[in-house]
Amino acid sequence: MFPTSDECRYGSSVSKQVAKVIDAIDKSGVAYQLTPMGTVIETQSMKEALAIIELAYEQLQECDRVYSSLKFDIRKNTKNRLKTKIVSVEKTLNRKINH
């Protein structure tokens, strides 16, 4: 999620606005992982996930236009998937990976 309108960007940079979103996610207490090209969150329910998305969007409310790209991977009765998915791949490869 980032602004595309000129009043919320500094040239081509959107890091100041993205930092607002990440700060709100960080303070929310949900598990998340920031990557160079997006942020992954892990919640216990769709309702909680949508609340985090709404919280993130609220951080950019002064922007006329905001771009968002969402993906959902829903698997019941699992936790800590941000870490266990990587562990599963490492186990399959029989080695640690650089992540």
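Details of the structure are given in the entry above.
Asker: Break down the overall build of the protein chain for me, citing the residues and quoting the values.
Answerer: Helix and strand counts for the protein chain come out as three helices and four strands. Reading the secondary structure of the protein chain in the N-to-C direction produces β-α-β-β-α-β-α. Oriented by its inertia axes, the alpha-carbon framework of the protein chain measures out at about 50 × 30 × 20 Å. Looking at the protein chain as a whole, 20% of its 99 residues qualify as buried.

Asker: Describe in detail the pairing of strand S2 (residues 31–35), supporting the description with residues and values.
Answerer: Of the strand pairs in this sheet, S2 and strand S3 (residues 38–42) are connected by five bridges, and their pairing is antiparallel. Residue pairing for S3: Thr 35 is matched across the bridge by Gly 38. The hairpin formed by S2 and S3 contains two residues between the paired strands.

Asker: Any details on unusual backbone geometry? Residues and values, ideally.
Answerer: Despite not being glycine, Asn 77 has its phi angle at roughly 60°, a positive value. Positive phi, close to 60°, is recorded for Asn 94, a residue that is not glycine. Mapping Asn 94 onto the fold places it in the segment after helix H3 (81–93).

Asker: For H3, give the residues involved together with the corresponding values.
Answerer: With 13 residues, H3 ought to run about 18 Å at 1.5 Å a step, and its terminal C-alpha atoms sit 18 Å apart, in line with that. The inward-facing, buried residues of H3 abut S2 and S3. Two residues or fewer after H3 comes Asn 94, characterised by a positive phi angle close to 60°.

Asker: Report on the nonpolar core, specifying residues and quantitative values.
Answerer: Membership of the largest hydrophobic core is limited to nine residues, which are Cys 8, Val 21, Ile 22, Ile 25, Val 30, Ile 52, Ala 56, Leu 60 and Cys 63. Only helix H1 (15–28) and helix H2 (46–58) provide two or more residues apiece to this core. Setting aside residues no more than four positions away along its own chain, Cys 63 makes contact with Pro 3, Ser 5, Glu 7, Cys 8 and Gln 17.

The rules we used
Residues numbered from 1 in each chain as written. Predicted model: local features only at pLDDT ≥ 70, side-chain atom pairs only at ≥ 80, totals over all residues. Heavy atoms only, no water. Helix = DSSP H or I, 4+ residues; strand = E, 2+ residues; numbered from the N terminus. Buried < 20%, exposed > 50% of the residue type's maximum accessible area, 1.4 Å probe, protein only. Pairing = 2+ DSSP bridges. Expected span 1.5 Å × (residues − 1). Contact = heavy atoms within 4.5 Å. Core = buried A, V, L, I, M, F, W, Y, C linked by side-chain atoms within 4.5 Å.

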